[in-house]
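Chain and residue survey
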Amino acid sequence: MTGAGRSRRTVVLLYGSLTVLALVWLVPVISAAMISVLPLAQTRAGWWNLSFADVTFGNFARAWDQGLSQYVVNSFLITGLSVALTVAAGTLAAYAYARMAFRFKATTFFLLITTMIVPVQIILIPMLPWFRTLGLNGGPQEYLGIALVHTAFGAGWAVFMLGAFFTTIPEDLLEAARIDGAGWFEVFRRIALPLAVPGIVSFAIIDFVFVWNDLLLALTLLGRDHQPLTVGLANLQSPHLAQDDLVAAGSIMAILPPLLLFAALNRFYVRGLFAGATKG
Amino acid sequence: MASRHATAPSVQQEAARTQAPPPRPRAARRAGGRERYVPYLLIAPLLAIFAAFYLWPALVTVLSSFFRWGLLRPWSPVEPERWNFVGLANYSETLTDASFWNAALNTAIWLLVFPLLVAAFSLLVSILIWNVARGGAVFRTTFVLPMTISLAAAGVIWSFVYNPDPQVGMLNAVLDKLGILGADWRLGPLELRPGAWLSDPGVLDLGFADIRLTNLALIVPAFWVFTGFGVITLTAGLTAVSYELVEAAKVDGANAWQVARHVLVPALRGPLVVVVVVSVIFALRTFDIVYVMTEGGPAQDTMVLALLLWQQAFAFLDTPQAGLATAVAVLLSAALVAGSYRYLRQLLAGRPR
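Figured I'd write up the structure that's included with this text. Every chain begins its residue count from 1, and numbering advances along the sequence as written. Lettering for chains starts from A, numbering for ligands starts from 1, and both go in the order in which the items are written. Two thresholds apply to this predicted model, a pLDDT of at least 70 for residue-level local features and 80 or more for giving and counting side-chain atom pairs, whereas whole-chain, interface and lining totals are computed over all residues. Computation of side-chain values covers all heavy atoms of the structure but excludes hydrogens and water.

Another aspect to go through is the overall build of chain A. For helices the rule is a DSSP run of H or I covering at least 4 residues; for strands it is a run of E covering at least 2, with both sets numbered from the N terminus onward. Secondary structure assignment for chain A yields 12 helices and zero strands. Ordered by position in the sequence, the α and β elements of chain A form the string α-α-α-α-α-α-α-α-α-α-α-α. Note on method: radius of gyration uses C-alpha positions; expected globular size equals 2.2 Å times residues raised to 0.38. Compactness check: chain A gives a C-alpha radius of gyration of 24 Å against a globular reference of 19 Å for 280 residues, more than 25% above the reference. Along the first, second and third principal axes, the C-alpha atoms of chain A reach 75 × 70 × 30 Å. For this analysis, residues touch if any pair of their heavy atoms sits within 4.5 Å. Here the analysis covers contacts within chain A between residues at least 6 apart in sequence; of these, 73% occur between residues at least 24 apart. When the accessible area of chain A is evaluated, it comes to approximately 11300 Å², of which 68% is carbon and sulfur surface. Accessible areas in this description were obtained via Shrake-Rupley with a 1.4 Å probe; residue shielding takes into account the shown protein chains only.

See below:
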């Protein structure tokens, strides 16, 4: 784009405005990061008076010891279980929706897709009694309970996104395998599944971020011992307690896992979101 | 987006057409006969979970909204002897309740401001990024980065930025330097008090209603988190703009602004609709940011519908308000489905076949 006609001033202006916007964009994260590694007294005098001599990781250690460790473990348990369930059940179903004909296909697909729009609140209120009826409350089975709810709510995205990836596989490939005498399971496992792996990874990342970041379901459905980091952070956050240092350390812990995943697999993440966003 | 659609699938169709004989996949599969049970087997696990943890509870929500009940004695479809049928009373009570309309007004502010902010800012950023020759990916990553941050964490992080003490909060430190911290301006119906972001930064008096600017202070962090979605969608849409078209416009003497206005923005109509619709869905569901930053306060200044119904159901367990909460949930969901019905139809039109 920067052809010969482009004046130097325009280029400087472009990069200048983008750089300023990007820096402003990062200020909130930088604030939290700085507050998390500075002693509280230092923060009180303005974290931007950078004094790197005082940098400490003591805040993280104290936050960890004061109960955040359990929240972190819970976050990983809930997210791992939810993503595994959603990906497993979602991949099978998406393959059927993308590649097979059956009765009630359109109706069930429509119902699944509504989860992308209807708010969680529509199921939230009767959920606690329902958990009690199913015996999913008051113990480690709560992990399974919330994972099942996350799976139900991820169902729309799963069949939609994963289905889009399965649809791109050329029919000839599958047909060739069938002619060679492969059964449906062989076709699925040896040809469709390997080709859809990038799509499955994208979906798994997006689902990971989504479940990891959930506050509402966890806050409502889980007992104290099983709550994830988002709830822990909300509990920690209180204007009356002077513990900015701990809160900041907690917030950094909460944003790091999805951020690292995002950094490592950026291409997958963007591609997945893009497939979900613009297929319509 | 339209052009993306026109190009991508047509290549496949072209390939399929040139291969003789044209495959009739469905017919071929049906001929398999014995394997007709397979699709049902494949969808069974997901549909079972979906039915048990979405369809059934949603149905209970709708049914129980016609009864009076509280969570200490939950409504149950199998215990008719405990039913307290009230007809549409939960709805009429909700629709005549001042706190419902207050929350509805604040939700309306979200609905209006949030999608506009997201669309305008991501449009600006995407066009800027499209114009730079190098480093576009780095800028894009920067703006997309907050998307991975939970709204709960974003609320906490922005509370630091908003901290009223200019020794602690970055924003007020800047205002302090500029000498406008603690100012109290009146501009007609608008009152502005920069500094007290989460308690009372000002109010816009519309005559029939007061718009509390505290809501804007909550919308900004949500916008910060969500804009990445707009940037991804719009930058992707811009890749479909043909280079020749832009060059032709330039040859005709169009300047950068005219190119953006008459070539880029029209090409982005489809992606912009997606961004706005998804932002509207996001705005109507708003819960986390408000819960973490203000819990709907001070007073009820930042209460939104999603938080109101949650408090009705869960914060006051001893009063039988769960019926009211279900009514609000049904109204909220109905509004969402009605508002995004066309989008849903579009999604279905583009579904995997």
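Let's pick the thread back up.
Here we take up a nonpolar patch on the surface. Here, patches come from residues exposed beyond 30% relative accessible area and free of salt bridges, joined within 9 Å for like charges and within 5 Å for nonpolar side chains (Val, Leu, Ile, Met, Phe, Trp, Tyr). Salt bridge criterion: a side-chain nitrogen from Lys or Arg within 4 Å of a carboxyl oxygen from Asp or Glu. A cluster of nonpolar side chains, contributed by A:L50, A:F52, A:V55 and A:F57, occupies part of the molecular surface with about 440 Å² of accessible area. Owing to a relative accessible area of 57%, A:F52 belongs among the exposed residues under this scheme. Buried residues are those whose accessible area, probed at 1.4 Å on protein chains only, stays under 20% of the maximum for their type, while exposed residues exceed 50% and partly exposed ones sit between those limits.

This brings us to the interface of chain A and chain B. Interfaces are often sized by the accessible area lost when the parts come together. Contacts between the two partners involve 111 residues from chain A, matched on the other side by 112 residues from chain B. Once two parts are joined, some of their accessible surface, as seen by a 1.4 Å probe, is lost; buried area is that loss totalled over both. Surface buried jointly by chain A and chain B totals about 10200 Å² across both partners, of which 76% is contributed by carbon and sulfur atoms. The interface formed by chain A and chain B includes zero salt bridges. Polar contact is defined as a pair of N or O atoms within 3.5 Å, subject to the rule that within protein one atom must be able to donate a hydrogen and the other to accept it, and that residues adjacent in sequence are counted only when both atoms are side-chain atoms. Our enumeration of links across chain A and chain B arrives at 13 residue pairs in polar contact (both at pLDDT 80 or more). In terms of residue count, the dominant contributor to the side of chain A that touches chain B is helix α1 (residues 8-37) of chain A (15 residues). Among the residues forming the side of chain A that touches chain B, the class breakdown is 76 nonpolar, 24 polar and 11 charged. When residues are grouped by polarity, Ala, Val, Leu, Ile, Met, Phe, Trp, Tyr, Cys and Pro land in nonpolar, Asp, Glu, Lys and Arg in charged, and all others, Gly among them, in polar.

Turning to helix α8 (residues 184-212) of chain A, a few remarks are in order. Quick reminder: α-helices carry 3.6 residues per turn. Residues three or four places apart thus point the same way. By definition here, a helix of n residues has an expected span of 1.5 Å times n minus one. In a regular helix each residue adds 1.5 Å, so 29 residues correspond to 42 Å; α8(A) covers only 35 Å between its end C-alpha atoms and thus falls short of that length. Here the bend at each residue means the angle between axes fitted to two seven-residue stretches, the one ending at that residue and the one beginning there. At A:V197, α8(A) shows its maximal kink, close to 55 degrees; a proline, A:P198, follows between one and four residues later.

The strands making up a sheet are joined through hydrogen bonds of the backbone, oriented either antiparallel or parallel. Residue and element names in this part refer to chain B. We call two strands paired when DSSP finds no fewer than two bridges between them. Read from one edge of the open sheet, four strands run β1-β2-β3-β4, paired in antiparallel fashion. Of all the strands in the sheet, the pair left with one neighbour each is β1 (185-187) and β4 (210-212). Between one strand and the next, the sheet's axes are offset by a mean angle of 15 degrees, whatever the strand orientation. Examined bridge by bridge, β1 and strand β2 (residues 190-192) share three bridges and lie antiparallel to one another. Bridge pairing links R186 to E191 in β2. Comment: axis = line fitted to C-alpha atoms, over the contacting stretch for helices; angle = value between 0 and 180 degrees taken between N-to-C directions.

Attention now moves to the pairing of strand β3 (residues 202-205) of chain B. All names here are of chain B. Relative to β3, β2 is paired through three bridges, and the arrangement is antiparallel. Residue pairing across strands places E191 opposite V203, the latter belonging to β3. By the bridge criterion, three bridges tie β3 to β4 in an arrangement that is antiparallel. Counted as the bridge partner of L204 is I211 from β4. Taking the residues between adjacent antiparallel strands as the criterion, β3 and β4 are bridged by four residues, where G207 takes a positive phi near 90 degrees.

Moving on to the environment of B:A260. Residue and element names in this part refer to chain B. Within the element layout of this structure, A260 appears in helix α11 (residues 256-267). Owing to a relative accessible area of 11%, A260 belongs among the buried residues under this scheme. Taking the C-alpha atoms as reference, A260 lies 30 Å from R345; in sequence the two are 85 residues apart. Among residues more than four places away in sequence, those in contact with A260 are I127, V265 and P266.

The next point concerns unusual backbone geometry. Residue and element names in this part refer to chain B. Positive phi is not limited to glycine here, since E295 has a value of about 50 degrees. For E295, the position within the fold is in the loop between α13 (288-293) and α14 (305-315). Of note in this structure, A299 is not a glycine but carries a positive phi near 55 degrees. Among the structural elements, A299 can be located in the loop between α13 and α14.

Bringing the packing of aromatic side chains into the picture now. In this scheme Phe, Tyr and Trp rings, the latter by its six-membered ring, pair at centre separations within 6.5 Å, and the angle between planes marks the pair as stacked below 30 degrees, edge-to-face above 60, and tilted otherwise. A complete count under the given rule lists 39 aromatic pairs over all chains for this structure. Judged by centre distance (6.4 Å) and plane angle (85 degrees), the ring pair of A:F131 and B:F53 falls under edge-to-face. Note that A:F131 is positioned in helix α5 (residues 121-134) and B:F53 in helix α3 (residues 38-64), a pairing that runs across two chains. A residue is classified by how much of its surface remains accessible, and A:F131, at 0% relative accessible area, is buried. The class for B:F53 is buried, based on a relative accessible area of 6%. By the ring-pair criterion, three or more aromatic residues cluster together here, those being B:W110, B:F114, B:F226, B:F229 and B:F282.

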